[in-house]
Amino acid sequence: MNQNEDNNYHDQNYGQGPYPPIQPQQPMPPAGGPDRKGGGNFLLGLMAGILITAMVGSCAYIGVRVYLLATGKAARITAGSDSTSDNLVSEETIKKLEALEEVIEEYYYKEEDINTETMMEGLYSGLVDSLGDPYSVYYNEEEWQDLMESTEGIYYGIGAYLSLDLATGLARIAGVIPGTPAEEAGLRENDIIYMVDDEQIQGLELTEIVSKVKGEEGTKVHLTIYREGESDYLEIDVTRKKIESPTVNYEIYDNGVGYIQIREFDEVTTDQFTEALAVIKGSKAKGLILDLRGNPGGSLPVVVDIARAILPKGLIVYTEDKYGEREEYSCDGKNELKIPLVVLVNGNSASASEILAGAIKDYGTGTLIGTTTFGKGIVQRVLPLTDGTALKLTVSSYFTPKGNNIHGTGIEPDIVCELDGERYYEDGVDNQLERAKEEIEKMIK
């Protein structure tokens, strides 16, 4: 988990009906770049990139060797070492890179496409992609800046949360922010983006897709959308604008029941949730409905802080890394919620939202209503590098208080209730929320 970019996945057949079949994800060629030749500086640039070190806190270690500090352990790579099967950076690989560069320089037919910076970014991205883990990503400087802006809750775009559908290599809309261009244009949760500005996006990283959708305020992006139940693709134009996204919404119903919706777990979410909960408690609410539907996840520390505001004393979640080392996150129970609680979840509730829902279910302090959650039981850590780029790497698995790892399976709700999409989009009737209201009425009587 880490920010609103968790890559969600559902198995669905998108090759049915009159649509051109969407094929399983295929390898994509590297993107071209501006008119800048590679030349002899390529190898120097490569070695400079290799010697970039990760920063943890205020410490950076720079030298011939790379020290990547992630969980307190140092993984060491020695540049220029003897060629062995265990060393990625060796004389053999450096010679091969030199040979490839020379062949490209000599024979590639479009001189203007040879771009040193793009080639180096491709090397770094390819290294991370070779792990075969869709959640581990290399961010170039621009992507890293965009990521940091998005976690602050302000960005320029259309106002939709995107996740990656691994079955097709396309982007799925995990949620739409009310009052944004996405909602005004008629985009819906679970819409699949097939093309952006008439360009194929299949096989691109989620960060690349997001960068194509986002853009300068006032400009338009054209989306080709697959929507289940429609007889053809939908062509939708959306005008970008500055999005200041509240991650928490709340209200108090006439019957004295409070409602809090958490859209994602960003840096701003803790304060927003604290305010919402204080208002609801101050109103002497008889019960609380917590809505985690469409929440793609986010920051582990943030969801732990929120859990500590409502859970009883005990374990919230624990993680285990490749070395078997366990890290526990607990609650002192001083702020335990004393009123009935219902939690709404669905297939787009992922990662951090599953940590919260899983702990509530394990402790039996609330009733889960909706559909099975996404099933992302692993944790990513973002490691900023000294040149302004960053690496997001899967570092551990997480487990609910009872020791359940929900990766690939999700969390089953206590009460299964499918959303009636036709009623919701035609009449605005949210049958899942109505069911939650019915259940909490039974609890408070």
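Check the entry above for the structure.
On a predicted model such as this, the values are computed, not experimentally measured, just so you know. (Residues numbered from 1 in each chain as written. Predicted model: local features only at pLDDT ≥ 70, side-chain atom pairs only at ≥ 80, totals over all residues. Heavy atoms only, no water.)

Looking at this structure, I do not really get a negative patch on the surface. What am I missing?
On the surface, a cluster of negative charge is contributed by D197, D198, D232, E235 and D237. When you line up the elements, D197 lands in the loop between β9 (192–196) and β10 (199–200). (Patch = residues over 30% accessible without salt bridge, like charges linked within 9 Å, V, L, I, M, F, W, Y side chains within 5 Å. Areas by Shrake-Rupley, 256 points an atom, 1.4 Å probe, with all protein chains shown as cover. Salt bridge = Lys/Arg side-chain N within 4 Å of Asp/Glu carboxyl O. Lys, Arg positive; Asp, Glu negative; His and termini not counted. Charge placed at Lys NZ, Arg CZ, Asp CG, Glu CD. Helix = DSSP H or I, 4+ residues; strand = E, 2+ residues; numbered from the N terminus.)

Explain helix α6 (residues 206–213) here, please?
Every α-helical turn comprises 3.6 residues, leaving residues that sit three or four positions apart pointing alike. Of all the positions in α6, only L206, T207, I209 and V213 are classed as buried. For α6, the arc enclosing every buried residue in end-on projection is 160 degrees, short of the 170-degree limit, so these residues lie on one face. (Buried < 20%, exposed > 50% of the residue type's maximum accessible area, 1.4 Å probe, protein only. Arc of directions from axis to C-beta.)

Even after reading the chapter, I still don't get the packing of helix α8 (residues 300–307) against helix α9 (residues 352–363), so can you show me in this structure?
Packed helices, taken two at a time, are described by the angle between their axes plus the distance between the axes. Two numbers describe how α8 lies on α9: the axes approach to 9 Å, and their chain directions differ by 25 degrees. Overall, the two elements α8 and α9 adopt an arrangement that is roughly parallel. With respect to the hand of their crossing, α8 and α9 are arranged in right-handed fashion. Contacts between α8 and α9 involve L300, V303, I306 and A307 from the former and A352, I355 and L356 from the latter. (Axes fitted to C-alpha atoms, helices over the stretch in contact; angles between N-to-C directions. Parallel < 35°, antiparallel > 145°, perpendicular 65-115°, else oblique. Left-handed = near helix turned anticlockwise from the far one by under 90°. Contact = heavy atoms within 4.5 Å.)

Before we go on, may I ask you to explain the environment of S163 in this structure?
Its place among the elements puts S163 in strand β7 (residues 160–165). The class for S163 is buried, based on a relative accessible area of 0%.

Could you clarify how one ought to interpret a nonpolar patch on the surface in this entry?
There is a patch of nonpolar side chains on the surface, built from I104, Y108 and Y109 and spanning about 330 Å² of accessible area. Counting through the fold element by element, Y108 comes out in the loop between α2 (91–107) and α3 (116–129).

Quick question: what am I supposed to make of the sheet that holds strand β15 (residues 257–262) here?
Sheet strands line up and pair through hydrogen bonds in the backbone, either parallel or antiparallel. Across the sheet, which stays open at both edges, the 6 strands sit in the order β14-β15-β16-β19-β20-β23 with mixed pairing between neighbours. This sheet does not close on itself; its edge strands, each paired only once, are β14 (248–252) and β23 (415–416). With 5 bridges joining them, β15 and strand β16 (residues 287–291) adopt parallel strand pairing. Counterpart to Q261 in the pairing with β16 is D291. Its contacts with the sheet put helix α7 (residues 269–282) on β14, β15 and β16, and the angle it makes with β14 is roughly 5 degrees. (Pairing = 2+ DSSP bridges.)

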